[in-house]
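Single-letter residue listing:
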Amino acid sequence: MRVLIAGGGIGGLVLALMLHARGVACAVFEAATEIRPLGVGINVLPHSIRELVRLGLLPRLDAVAVRTRRLTYMNHLGQRIWTEPRGIHAGHDVPQFSAHRGRLHCMLWDAVFKRLGAGSVQAGQRLTGFNQDADGVTAQFTAFDGATRDIQGDVLIGADGIHSWLRARLHPLDPGVRWNGIQMWRGAVDWPAFDGGDAMVVAGDGVAKLVLYPIAPGAAPDRRLTNWVIYARVAEASAPPPGREHWARAGQPEAFRHLAGRLALPFVDVEAMIAATPEIFEYPMCDRDPLPCWSSGRVTLLGDAAHPMYPVGSNGASQAILDARCLADLLLEQPPAAALLAYEAERLPATTGVVRSNRVGGPERVIDLVASRAPLGFARVDEVATEAELTNITQGYARLAGFAVIP
Ligand SMILES: Cc1cc2nc3c(=O)[nH]c(=O)nc-3n(C[C@H](O)[C@H](O)[C@H](O)COP(=O)(O)OP(=O)(O)OC[C@H]3O[C@@H](n4cnc5c(N)ncnc54)[C@H](O)[C@@H]3O)c2cc1C
């Protein structure tokens, strides 16, 4: 068995580590010519951290990320709506981690490089074609200079992200990336720690939301490298998504200063934090419609290529890691085509549920609910929404996404 993995993002690299741990040969082909620490903050939930711990990566995670202790939802005036413990503090046997996406990615790339060997992970190789028959699959990769080469394997996995080439080939009628009209502005800055230095806050209302969490130590013991995201609607939900060149471009503070000014959080001066941020990016909040199937013979999709989702609820990387675990186990047990179908049968419905829930706000619906009933704030949150309502939203999402302590 030889598995070809197109895409060396978090999903593709974790799959490679898992296959290697099971004695299955594989190789990763990544389109980017150079691996750089790109992105800002990302969260990885306990159900997928458990899989990384099984790979022996806990010390490396602790070196690049922060163990998240709790999560608080607030309104835009900083009034507390809901607090819940996270990771080990919630009763899991492993932590939740908040990380710089680029540092996490580089850690995984390094682990694959060291464990599988340099030849097993190749940059500058873009998947541009494939053929399959009863005996195997041949994938074509194209280098930056246009040189192509054919690689033989038993299985081809498209872990090539939200703009997946393989997805387009398997589903030519798929309508492509969907944008809900919400723009996200993001950055990371060295900033005074809040709430113990290991907590996450999501605050806002129906107009705009702020997500705030530390992702690494700061320049002094009482400071943290703090990730922030502000997002708000800037276009109709039916608007076409911005062109590819407008993803992850530099964000201009003037575009969202008025939104930051509405956020009156007692523990952080949001406008000052934004002003101090060296680099600001803007990302459209995009996903794609769930697919009817992922697998075709010896070929399938994984992670964002299969089920990109809005970044609410911290599930993008987590679900890609769960895909990898499922697929690696099945490839060990069954012939290729049967394994890919069994993988799809397990993971497609599970991830479709998360994609759909994220479209309506995921766990952040607790904020929307309270904002709709008390847009100017409240004296007591239990006079606005009952404990049962808030529990249903947050715990319902945790069960759906598979990270509830008692599923
Ligand atoms: C540059 C970048 C920055 C990101 N920043 C953040 C962030 O700050 N916060 C956050 O929550 N999420 C971020 N994400 C998304 C997040 O990493 C994913 O949602 C999640 O980790 C699932 O990972 P994935 O491996 O499925 O997809 P991705 O992480 O998107 O990885 C896909 C990989 O496939 C490669 N690729 C694309 N086409 C081809 C091809 N034809 N052949 C071979 N390789 C190909 C891409 O270069 C990429 O490395 C970012 C993704 C990228 C690519």
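The rules we used
Each chain has its residues counted from 1, running along the sequence as written. Selection of residues for local features in this predicted model requires a pLDDT of at least 70, selection of side-chain atom pairs for listing and counting requires 80 or more, and totals for whole chains, interfaces and linings are taken over all residues. Helix and strand assignments follow DSSP, with helices taken as H or I runs no shorter than four residues and strands as E runs no shorter than two, numbered in order from the N terminus. Counts of 20 or more other C-beta atoms within 10 Å of a residue's own C-beta define buried residues, counts of 12 or fewer define exposed ones, and intermediate counts define partly exposed ones; C-beta atoms are placed from the backbone. Contacts are defined on C-beta atoms placed from the backbone: any two residues whose C-beta positions lie within 7 Å are in contact. Start and end positions for the domains come from either an automated domain assignment or a database one. For this classification, the nonpolar set comprises Ala, Val, Leu, Ile, Met, Phe, Trp, Tyr, Cys and Pro, the charged set comprises Asp, Glu, Lys and Arg, and every other residue, Gly included, is treated as polar. Strand pairing is assigned whenever DSSP detects at least two bridges linking the two strands. Axes here refer to lines fitted to C-alpha atoms; in helices the fit is confined to the stretch in contact. Angles between the N-to-C directions go from 0 to 180 degrees. In this entry, near means the residue's backbone-placed C-beta atom lies within 6 Å of the molecule or strand.

A. Up close: the environment of Leu-263. Along the chain, Leu-263 falls in the loop between helix H6 (257-262) and helix H7 (270-276). Looking at Leu-263, the number of C-beta atoms within 10 Å reads 24, which means it is buried. Considering only alpha carbons, one finds Leu-263 and Asn-75, 188 residues apart in sequence, at a separation of 8.6 Å. For Leu-263, the residues in contact, after removing those within four places along its chain, are His-76, Ala-203, Leu-210 and Val-270.

B. Region of interest: the domain arrangement of the protein. When the domains of the protein are assigned, the result is domain 1 (2-69 + 84-176 + 289-359) and domain 2 (177-287 + 362-401). The interface of domain 1 with domain 2 comprises 26 residues on the first partner and 26 residues on the second. Elements with a minimum of two residues in the side of domain 1 that touches domain 2: strand E4 (65-67), strand E7 (97-100) and helix H9 (336-359). Among the elements that line the side of domain 1 that touches domain 2, the one with the most residues is H9, at five residues. The residue inventory of the side of domain 1 that touches domain 2, partitioned by class, reads 11 nonpolar, 11 polar and four charged.

C. Region of the structure containing the sheet that holds E4. Sheet architecture is open: three strands sit in the order E3-E7-E4, paired in antiparallel fashion. The outermost strands of the open sheet, each flanked by one partner alone, are strand E3 (41-44) and E4. With direction set aside, neighbouring strand axes in the sheet form an average angle of 25 degrees. Summarising the sheet, E3 and E7 pair through four bridges and their orientation is antiparallel. Each bridged residue has a counterpart across the sheet, and for Val-44 the counterpart in E7 is Phe-97. Contacting E3, E4 and E7, helix H4 (residues 101-116) crosses the sheet at an angle of about 90 degrees to E7.

D. The environment of Ala-99, seen in detail. Summarising the element assignment, Ala-99 is placed in strand E7. Separated by 37 residues in sequence, Ala-99 and Asp-62 place their C-alpha atoms 9.6 Å apart. Residue contacts for Ala-99: discarding those within four places in its chain leaves Ile-42, Val-44, Val-64, Ala-65, Leu-104 and Ile-215.

E. Structural detail: unusual backbone geometry. You will see that Asp-195, though not glycine, has its phi angle at about 45 degrees, which is positive. Counting through the fold element by element, Asp-195 comes out in the loop between strand E13 (177-192) and strand E14 (199-204). Even without being glycine, Ser-314 reaches a positive phi, approximately 60 degrees. With respect to the helices and strands, Ser-314 occurs in the loop between strand E19 (299-301) and helix H8 (316-333). For Ser-314, a count of 27 C-beta atoms within 10 Å puts it in the buried group.

F. Seen up close, the site of the ligand. Lining the immediate environment of the ligand, one finds 28 residues, of which Gly-7, Gly-9, Gly-39, Gly-161 and Gly-303 sit closest. Of the residues that constitute the shell around the ligand, the class distribution is 14 nonpolar, nine polar and five charged.

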